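Spelled out from the first residue to the last, the chains are:
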Amino acid sequence: MSQKNKKESREISRRDSVVGVNADMVGRATGSQVFSREEKPWLPDKWDKEADVVIIGYGGAGATLGLTVAEWGAKVLILEKAAFGGGNSACIAGPRFLCSTDDAKMLEYMKWMCSGQTEEDVLRAYIQRLKDIPQIYRRLGLPLADNPQPSRIDGIFPEWPAAPGAEAVRALNLLNIPGVLTAGGPILFNALAKLAEAAGVEIEYSTPAVRLVQDANTKEVLGVIADSSGKEVAVKGRRATVLACGGIEFNEEMCKQYITHCPIHFMGSPSLTGDGVRMAEEVGAQLWHMNSVSGPLYWSIKVDNNLVYATYERYDTPVFKNAGSIIWVNKYGNRFHNETAPMLTLHHGSRNRETWFSFDTEVAQFRNVPAFQIFDEKSRSVGPVMQVMNNTTPPWSKDNIKEIEKGWVVRADTIEDLALKCKFPFIEGVTRGGNITPRVLKTTLDRYNTNCKSGSDPDFQRKDFIVPIDTPPYYAIGPMFPTFVNTHGGPKHDAKQRVLDVNNRPIPRLYAIGECGSLWGPYYNGCGDVSEFFTSGLIAADNVLTETTWG
């Protein structure tokens, strides 16, 4: 390896002593072998492909790991289920990452956040590797800010300012790109991917992993069976196989079992269907944090091919600035929440859970699920009334006409007629189905409009955009369901990102990074996920190349 490459690689990992061993091991990697099914029936007849490190999933974590180990000379193959990379990393809002002014206090804060659900050495490893993230940013080829300083904004960093150790939590943005704070995910991922592919990382798109190949005796994970254009292919991981395929967001059954039986939506990549959870379980992995989620921050509808469109959590948009005549009502027709609650007070949606998921024991159904967004012609005419977060989802039209024509938005000349069109289905254990009661919706709108004349909202303390809904025709979107950003659950890992079995022992040669078994427990801090896709990729890189090659 040239001195130039060694110098560049140290910007990613400072583990020089490990690297010296790794380089030697890469040179000893063996070729593919053919095994007899009679001898070892759990092995494929042959390996169609092989690499030192096989990574399942090409998001931010997979790109970070792939880049790091490829620069040390290892052969890396990434299997990506979708036709393009990015995963949930392409959906994150901004480029900030967490940093600490005092590691001991940061550890105290992280321990409170995880509430005993995450081992201390895992948290220490995360905090330690936060220091290496700036070195990656400087290599991305993106414009850097002059003299950037760590920021403290109570309600985001730290998200929980009253928690122990919160005074040490900061966030840092090193980039100088207009608008990047609201669209940083694709920018970060594309820059990382460009470096990874230049380093020689090979990516197989549209190739979902099907199952892991595990030695029945040693329990080593030796590779993976994947689906390539309908044909099973065997991919050998000479040193390690890494799960980087995200969470369970678009697996409705897993969400129902692990999170809530109430229907919920997610704003991320539709390819995140719990594949890593399923495959890890099949080889004996222990799961953790399966009920850990970020949200709910929005209400949304899910339409063609799992496309999700959501209400706004930011109010510097035309529909609010130029109109603002929007409210939410529950299935009865009653308002239940401040539709413009300040983002800094929501704690990534934790504050919303009690109200949004309120269950009425007297009538045995949820009070506020599903919900409907109600607005008038003033708001319809000034801008899109719903947003997207996943950059692969087509944008909502500026005049809302296309969505009206598709039936995603219903329209009526009177509030009473609008209520009759606001239909919702029977959902077992959630709601009995029906439509909004016209009388209730009319009463709700009359009270809201009366309050608007006085410029106040005594019912829900809405302070901004108190604008009457009084210009027909009237519109509704729904039924809408609570909408989260992402999940954190998956296979449990140790401080080296090694997947653990039910006895807390590492499953040999199997690692998990990023959102696939994230370290976050009951609580979450903004910027934590983007920080973790970097840190987990770096930590795994330190360790996968210490594995000896097999076969």
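Computed from a predicted model, the values in this text were never measured in an experiment. Every chain is numbered on its own, with residues counted from 1 as its sequence reads. With pLDDT at 70 or above as the cut-off, local features in this predicted model cover only qualifying residues; side-chain atom pairs require 80 or more to be listed or tallied, and sums for whole chains, interfaces and linings still use all residues. Heavy atoms throughout the structure, all of them, feed into the side-chain values; hydrogens and water do not.

What to know about the overall build of the protein chain
So, point 1. Put simply, DSSP marks the helices as runs of H or I at least four residues long and the strands as runs of E at least two long, and each gets a number from the N terminus on. Across its full length, the protein chain carries 16 helices and 25 strands.
So, point 2. For the radius of gyration, the atoms used are the C-alpha atoms, and the globule rule reads 2.2 Å times the number of residues raised to 0.38. Radius of gyration (C-alpha) of the protein chain: 25 Å, near the 24 Å computed for a compact globule of 551 residues.
So, point 3. In terms of overall dimensions, the protein chain has a C-alpha envelope of 75 × 55 × 40 Å along the principal axes.
So, point 4. At a minimum sequence separation of 6, the contacts of the protein chain that also span at least 24 residues come to 75%.
So, point 5. Total accessible area on the protein chain is roughly 21800 Å²; 50% of this is exposed by carbon and sulfur atoms.
So, point 6. In this charge count, Lys and Arg are treated as positive and Asp and Glu as negative; neither His nor the chain ends contribute. A single reference atom marks each charge: NZ on Lys, CZ on Arg, CG on Asp, CD on Glu. The averaged location of the 64 negative side-chain charges in the protein chain is 2 Å from the averaged location of its 60 positive side-chain charges. Contacts between residues were defined by any pair of non-hydrogen atoms, one from each residue, lying within 4.5 Å. We get accessible surface area from the Shrake-Rupley algorithm with a probe of 1.4 Å; when it comes to residues, only the shown protein chains can shield them.

As for the pattern of salt bridges
So, point 1. A pair is scored as a salt bridge if a Lys or Arg side-chain nitrogen falls within 4 Å of a carboxyl oxygen belonging to Asp or Glu. Overall, the coordinates contain 30 salt bridges when judged by the stated rule.
So, point 2. Note that Arg278 is salt-bridged to Glu282, the shortest N-O span being 3.5 Å. Taken together, the positions of Arg278 and Glu282, both in helix 9 (residues 275-282) and four residues apart, correspond to about one turn of that helix.
So, point 3. A salt bridge links Asp376 to Lys378, with the nearest nitrogen and oxygen atoms 2.4 Å apart.
So, point 4. In the salt-bridge network here, residues are joined through shared partners; they are Glu50, Asp52, Arg238 and Arg239.

Describing the packing of aromatic side chains
So, point 1. Two rings from Phe, Tyr or Trp (for Trp, the six-membered ring) form a pair when their centres sit within 6.5 Å of each other. Planes less than 30 degrees apart are called stacked, planes more than 60 degrees apart edge-to-face, and all others tilted. Within the structure shown, the criterion is met by 26 aromatic pairs.
So, point 2. Ring centres of Trp299 and Phe336 lie 5.5 Å apart, and the angle between their planes is 75 degrees; this geometry places the pair in the edge-to-face category. One end of the pair, Trp299, is in strand 12 (residues 298-303); the other, Phe336, is in the loop between strand 14 (326-330) and helix 11 (353-356), and 37 residues separate them in sequence.
So, point 3. For Trp299, a relative accessible area of 0% puts it in the buried group.
So, point 4. Under the relative-accessibility criterion, Phe336 is labelled buried at 8%.
So, point 5. Measuring from ring centre to ring centre gives 6.3 Å for Tyr312 and Phe320, while their planes differ by 85 degrees; the resulting arrangement is edge-to-face.
So, point 6. Tyr312 sits in the buried class, given a relative accessible area of 10%.
So, point 7. Assessed through its relative accessible area of 5%, Phe320 is described here as buried. In this scheme, a residue with accessible area under 20% of its type's maximum is buried, one over 50% is exposed, and one in between is partly exposed, where area comes from a 1.4 Å probe on protein chains only.

Regarding the packing of helix 3 (residues 60-71) against helix 7 (residues 184-198)
So, point 1. Where helix 3 meets helix 7, the closest approach of the two axes is 9 Å, and the angle between their N-to-C directions is 30 degrees. Classified by the angle their axes make, helix 3 and helix 7 are roughly parallel. The handedness of the crossing between helix 3 and helix 7 is left-handed. Packed against helix 3, whose contacting residues are Gly60, Ala63, Thr64 and Leu67, the element helix 7 presents Phe189, Leu192, Leu195 and Ala196 at the interface.
So, point 2. Three residue categories are used. Nonpolar comprises Ala, Val, Leu, Ile, Met, Phe, Trp, Tyr, Cys and Pro, charged comprises Asp, Glu, Lys and Arg, and polar comprises the others, including Gly. Its residues placed into classes, the contact of helix 3 with helix 7 shows six nonpolar, two polar and no charged. Throughout, an axis means a line fitted to C-alpha atoms (over the contacting stretch in the case of helices), and angles, computed between N-to-C directions, take values from 0 to 180 degrees. Oblique is the label for any angle not under 35 degrees, not over 145, and not in the 65 to 115 range, which are roughly parallel, roughly antiparallel and roughly perpendicular in turn. Should the near helix be turned counterclockwise from the far one by less than a right angle, the crossing is left-handed, whereas a clockwise turn marks it as right-handed.

Some words on the pairing of strand 21 (residues 474-484)
So, point 1. Among the 11 residues in strand 21, nine count as buried, and that is most of the element.
So, point 2. Bridge count between strand 9 (residues 265-266) and strand 21: two bridges; the pairing is parallel. Within strand 21, the position partnered with His265 by the bridge is Thr483.
So, point 3. Strands were regarded as paired on the criterion that DSSP finds at least two bridges between them. Bridge analysis of strand 12 against strand 21 gives three bridges, and the strand direction is antiparallel. The residue of strand 21 that forms the bridge with Ser300 is Phe481.
So, point 4. As defined by bridge partners, strand 17 (residues 371-376) adjoins strand 21 across five bridges and the pair is classed as antiparallel. Counted as the bridge partner of Phe375 is Tyr475 from strand 21.
So, point 5. In the sheet, strand 18 (residues 409-412) pairs with strand 21 via four bridges, with the strands oriented antiparallel. In the strand pairing of strand 21, Val410 is matched with Ala476.

Digging into helix 7
Each α-helix winds once per 3.6 residues, and so residues spaced three or four apart point in a common direction.
So, point 1. By this rule the span expected of a helix is its residue count minus one, scaled by 1.5 Å. Along its 15 residues, helix 7 runs 22 Å from first to last C-alpha, staying within 8% of the 21 Å computed at 1.5 Å per residue.
So, point 2. Elements in contact with the buried residues of helix 7: helix 3, helix 6 (133-137) and helix 16 (528-544).
So, point 3. Looking at the residues trailing helix 7, positive phi occurs at Gly200, about 105 degrees.

Topic: the packing of helix 4 (residues 103-114) against helix 5 (residues 120-129)
What describes two packed helices is the angle between their axes and the distance between those same axes.
So, point 1. Between helix 4 and helix 5, the least distance of the axes is 10 Å, while the angle of their chain directions is 130 degrees. When the axes of helix 4 and helix 5 are compared, the pair comes out oblique. For the element pair helix 4 and helix 5, the recorded crossing hand is right-handed. Only Glu120, Leu123, Arg124, Tyr126 and Ile127 of helix 5 make contact with helix 4, whose side of the interface consists of Asp103, Met106, Leu107, Met110, Lys111 and Cys114.
So, point 2. A class-by-class count of the residues in the contact of helix 4 with helix 5 yields seven nonpolar, no polar and four charged.

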